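Residues per chain, in single letters:
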Amino acid sequence: MRLSKTLARIRANQPVRMCSLGTFNPAYIRHAAHFGFDCIWLDAEHRCFTERDIQNLMPYFHLYDIDCMLRPPTLEKTRLYRYFEDGATGLMIPHVSTPEKAQMLADSLRFPPIGDRGLDGAGFDSDYILQGGPDYPQQANEQTFLVVQIETIEAVANADAIASIKGVDGLFIGPGDLGLRLKTSPTDLTLEDAFAQVAAAAKKHGKAWGCPALSAEHVTELHNQGAQIIAHGGDFRAAMMMLEQWGKDFENAFGKGD
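Criteria and thresholds
- Residues numbered from 1 in each chain as written.
- Predicted model: local features only at pLDDT ≥ 70, side-chain atom pairs only at ≥ 80, totals over all residues.
- Heavy atoms only, no water.
- Helix = DSSP H or I, 4+ residues; strand = E, 2+ residues; numbered from the N terminus.
- Buried < 20%, exposed > 50% of the residue type's maximum accessible area, 1.4 Å probe, protein only.
- Polar contact = N/O pair within 3.5 Å; in protein donor to acceptor, adjacent residues only side chain to side chain.
- Contact = heavy atoms within 4.5 Å.
- Salt bridge = Lys/Arg side-chain N within 4 Å of Asp/Glu carboxyl O.
- Phe/Tyr/Trp six-rings, centres within 6.5 Å; stacked < 30°, edge-to-face > 60°.
- Lys NZ or Arg CZ within 6 Å of the ring centre and 35° of its normal.
- Patch = residues over 30% accessible without salt bridge, like charges linked within 9 Å, V, L, I, M, F, W, Y side chains within 5 Å.
- Areas by Shrake-Rupley, 256 points an atom, 1.4 Å probe, with all protein chains shown as cover.
- Core = buried A, V, L, I, M, F, W, Y, C linked by side-chain atoms within 4.5 Å.

1. Quick word on the environment of Phe111
Of note, Phe111 is situated in the loop between helix 5 (99-109) and helix 6 (136-143). A residue is classified by how much of its surface remains accessible, and Phe111, at 2% relative accessible area, is buried. Each C-alpha atom of the pair Phe111 and Ala161 lies 22 Å from the other, and the pair is 50 residues apart in sequence.

Dropping the structure here:
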């Protein structure tokens, strides 16, 4: 089984270098691996990927030795662990607000004795059974990961209990969703307080935590706060920013309106 770079860095108390992808773009996977990223956050929650799209992308992650952390569009148990069978290294599940939901996810994605994942052993993750064998369940438990997203006020309040769940490897703050709820709810909680509570819960239980970083300075700030799972950069903003720049290049050359 392929070894997870994300888990290796977390276990060595090092930061994980992650970017995001929301389109079917094999070249992006190659370039991310070439430029030193450990993991790509493949977003199937807000972007459109078919099951076949995901299966067809996975060989590129393995070929170029970079982790895929898939954010799935479903909580259906058999579909969740089939993403592991198809080759995903980790799953990031949005809107996990209770320890009960975190436990349900751990049960779905971990083999016994940790969870209740179904055994096949003939997927891409085990080289279609050629590299499976009796150690496959243990290897799968050791080399795949589960990250849960903290995106609600309830999730922040339950961060300690969520972080305590065996089989959960990391907590990832969603500042957009959480910020929206802070603005629209009667609460004194701030984003800064939420970050501090999640960081403390993760540290207490020996789990990683992180969030998206919007700039190089933000990457450094998060790292100094103890974040290990840091997402910086993605295809959506990269394309938008470059098109904006190229549009300005034409304006500078021809003038507006020409």
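2. Examining the side chain of Thr74
Along the chain, Thr74 falls in the loop between strand 3 (67-71) and helix 4 (77-85). Residue class for Thr74 comes out buried when judged on its relative accessible area of 13%. A distance of 2.9 Å separates the side chain of Thr74 from the backbone nitrogen of Glu76, its partner in a polar contact. Not counting the four nearest positions on each side in its chain, Thr74 is found in contact with Arg79, Leu80 and Tyr83.

3. Some remarks on the pattern of salt bridges
A full pass over the atoms with the stated rule returns 15 salt bridges. A salt bridge links Asp177 to Arg181, with the shortest nitrogen-to-oxygen separation between them at 3.0 Å. Here Asp177 pairs with Arg181, and both are found in helix 9 (residues 175-184), just 4 residues apart, close to one helical turn. The class for Asp177 is partly exposed, based on a relative accessible area of 22%. Look at Arg181 and you get partly exposed, because its relative accessible area is 25%. Lys248 is the partner of Glu244 in a salt bridge, and the nearest nitrogen-oxygen pair spans 3.8 Å. With Glu244 and Lys248 both in helix 12 (residues 235-254) and 4 residues apart, the pair spans about one turn of that helix.

4. Examining the environment of Phe172
Examined against the element boundaries, Phe172 turns out to sit in strand 6 (residues 170-173). The exposure class of Phe172 is buried, given its relative accessible area of 0%. Leaving out residues up to four positions away in the same chain, Phe172 has contacts with Met18, Trp41, Met92, Val147, Val148, Gln149, Ile150, Gly210, Cys211, Pro212, Ile229 and Ala231.

5. Here's the deal with the packing of aromatic side chains
In this structure the tally under the stated criterion is 5 aromatic pairs. Seen from their ring centres, Phe124 and Tyr128 are 5.8 Å apart, and the 40° between their planes marks the pair as tilted. Judged by centre distance (6.1 Å) and plane angle (85°), the rings of Phe195 and Trp209 are edge-to-face. Of this pair, Phe195 sits in helix 10 (residues 191-205) while Trp209 sits in strand 7 (residues 208-212), and the two are 14 residues apart along the sequence. For the pair formed by Phe195 and Trp209, the shared burial category is buried. We note Arg47 situated over the ring of Phe236; from NZ or CZ to the ring centre the distance is 5.4 Å.

6. Considerations on the side chain of Asp169
As for its placement among the helices and strands, Asp169 is situated in the loop between helix 8 (159-163) and strand 6. Overall, Asp169 belongs to the buried group, its relative accessible area being 19%.

7. As for a nonpolar patch on the surface
A cluster of nonpolar side chains, contributed by Phe236, Met240 and Met241, occupies part of the molecular surface with about 320 Å² of accessible area. Here Met240 lies in helix 12.

8. Thoughts on the nonpolar core
Counting residues in each nonpolar core, the largest one holds 57 residues, and the members touching the most others are Ile40, Leu70, Leu171 and Trp209. Here the element with the most residues in this core is helix 10; it accounts for 6 residues. Those residues within four positions of Leu171 in sequence are excluded, and the remaining contacts are Val147, Val148, Ile150, Ala159, Ala163, Val198, Lys207, Ala208, Trp209 and Gly210. Leu7, Val16, Met69 and Met92 belong to the second largest nonpolar core, which has 14 residues in total.

9. Concerning the environment of Gln55
By the element assignment, Gln55 lies in helix 3 (residues 51-63). Note on Gln55: relative accessible area 27%, which makes it partly exposed. Between the C-alpha atoms of Gln55 and Tyr83, which are 28 residues apart in sequence, the distance is 8.3 Å. A distance of 3.3 Å separates polar atoms of two side chains, one belonging to Gln55 and the other to Asp86.

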